[in-house]
Amino acid sequence: MEERVYNFSAGPAMIAESVLKKAADELVCYPGRGMSVMEMSHRSSMYIEIFDRTKALLKELMNVPDDYEILFLQGGATLQFSAVPLNLLTTGKADYVDSGNFAHLAAEEARKYADVHIAASSREDTYTYVPDTFDWRPDADYAYITTNNTIYGTRYTAIPDTGKVPLVADMSSNILSEPFDVTKFGVIFAGAQKNIGPAGLCIVIVRRDLMGHEDPKCPKLMSWALESKNDSMLNTPNTYGIYMAGLGFEWLRDLGGVNAIYEQNKYKAGLLYDYLDQSTLFKAPARRDCRSLMNVTFVTGDADKDAAFVKYAAKNGLVNLKGHRSVGGMRASIYNAMPVEGVKKLVEVMKAFEKENA
Ligand SMILES: *Cc1c(COP(=O)(O)O)cnc(C)c1O
């Protein structure tokens, strides 16, 4: 077999090798079924078994209470930027925290439908931190946050209290990376391609009482209530993506679940931040108290040196370390599936580069 690299891409991102191998083993013939998962009817009992198991695993991993529905939808996280206002607005008011690029895009999309109020923002400070004081409106239909800011490498370390106003969270880049108390949220959604599996799947966890109030013009496929009634099969779902997510959930459960991976994630991110904090070449722009465990951003302060480092790392089997085009610098995305060895290797390579460029 060809050798795999350590892929630090922000998404689509690494998938655990054992998951890929299991999928490869079952690709042509799913055990006992004589066909690939890709060839199964989504209505068949053989597929429903896979679907139900996947849903049950996520419920177990995240401790999702019974009064929440879990949906497996398409359109990525971005479609939920529109679905959130379409499903939740009743009076028309929505509060957003502008903590990064995706948070900003979500608020902009909501402006089409809602009276949007920015409850807090770090935009003026180039999103180097997550706000910690908020101006919530008590009569808003919902309050919206992005738990991890993928491009800037920041995260909430405490979930804001919005009282009776349901809290909506885009968890695309840190779902399942640390324990979250689902009961603090009205809605959680996440695109799969960062911490769950292949792209093309979006997971929505929604408190049941928040469904069924959608705008009459809400497209059918974006209605959480209708999707819930049809168990995410209003039309053909991403059957293979859901199966792959299920393999990923099994892998995470066997590893000890979210608490176990959280410890590993803190350790992995710690290796990088500890090195960055004493480096004379690299600096971490994200404010210390809100550093992401999933996306570690760093810069040399010199665009040519940044580019040289990205090249140098790639030669050493560490790929996709270039920062997002909007911010430059470097970003190491170290989601659940990035092995500890990958991060150790990265620190070694950074040290070697620093020495050569001192
Ligand atoms: C990647 C990402 C998105 C966009 O996801 P798509 O699935 O491409 O729509 C949205 N929000 C966050 C926080 C992300 O990291």
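This section reports on the structure supplied with the text. Source: prediction; values computed, not measured.

Details of the pairing of strand β13 (residues 330–333)
Right, on to step 1. Both faces of β13 are covered, namely the face carrying Met330 and Ala332 and the face carrying Arg331 and Ser333.
Right, on to step 2. Both strand β11 (residues 295–298) and β13 contribute to a ladder of four bridges, which runs antiparallel. When the sheet's bridge partners are listed, Thr297 is paired in β13 with Arg331.

A few points about the pairing of strand β2 (residues 68–73)
Right, on to step 1. Most of β2 is tucked away: six of the six residues are buried.
Right, on to step 2. Examined bridge by bridge, β2 and strand β10 (residues 202–207) share six bridges and lie antiparallel to one another. For Leu73, the partnering residue across the bridge sits in β10 and is Cys202.

Quick notes on the layout of surface pockets
Right, on to step 1. Of the voids in this model, the largest pocket is the one considered here, and its volume is about 350 Å³.
Right, on to step 2. Secondary structure elements with two or more residues in the lining of the largest pocket: α3 (76–88) and β13.
Right, on to step 3. For the lining of the largest pocket, a count of residues per class yields eight nonpolar, 13 polar and four charged.

Thoughts on the site of the ligand
Right, on to step 1. Close to the ligand lie 13 residues; Thr78, Thr150, Asp170, Gln193 and Lys194 are nearest.
Right, on to step 2. Residue Thr150 places a side-chain N or O atom 2.5 Å away from an oxygen atom belonging to the ligand.
Right, on to step 3. Within the side chain of Gln193, a nitrogen or oxygen atom sits 2.9 Å from an oxygen atom of the ligand.
Right, on to step 4. A total of 390 Å² of accessible area belongs to the ligand in isolation, and the protein chains cover 85% of it.
Right, on to step 5. According to the grid-proximity analysis, the pocket containing the ligand is the largest pocket.
Right, on to step 6. By residue number, the principal contributor to the shell around the ligand is α3, which donates four residues.

Quick notes on the rules
- Residues numbered from 1 in each chain as written.
- Predicted model: local features only at pLDDT ≥ 70, side-chain atom pairs only at ≥ 80, totals over all residues.
- Heavy atoms only, no water.
- Buried < 20%, exposed > 50% of the residue type's maximum accessible area, 1.4 Å probe, protein only.
- Helix = DSSP H or I, 4+ residues; strand = E, 2+ residues; numbered from the N terminus.
- Pairing = 2+ DSSP bridges.
- 1 Å grid on protein atoms, 1.4 Å probe; cavity = no way out; pocket = protein on both sides within 12 Å on 5 of 7 lines; lining within 4 Å.
- Points joined across faces, edges and corners; volume = space filled by probe spheres on them.
- Nonpolar A, V, L, I, M, F, W, Y, C, P; charged D, E, K, R; others polar.
- Near = heavy atom within 4 Å.
- Polar contact = N/O pair within 3.5 Å; in protein donor to acceptor, adjacent residues only side chain to side chain.
- Areas by Shrake-Rupley, 256 points an atom, 1.4 Å probe, with all protein chains shown as cover.
- Sits in = over half its atoms within 2 Å of the grid points.

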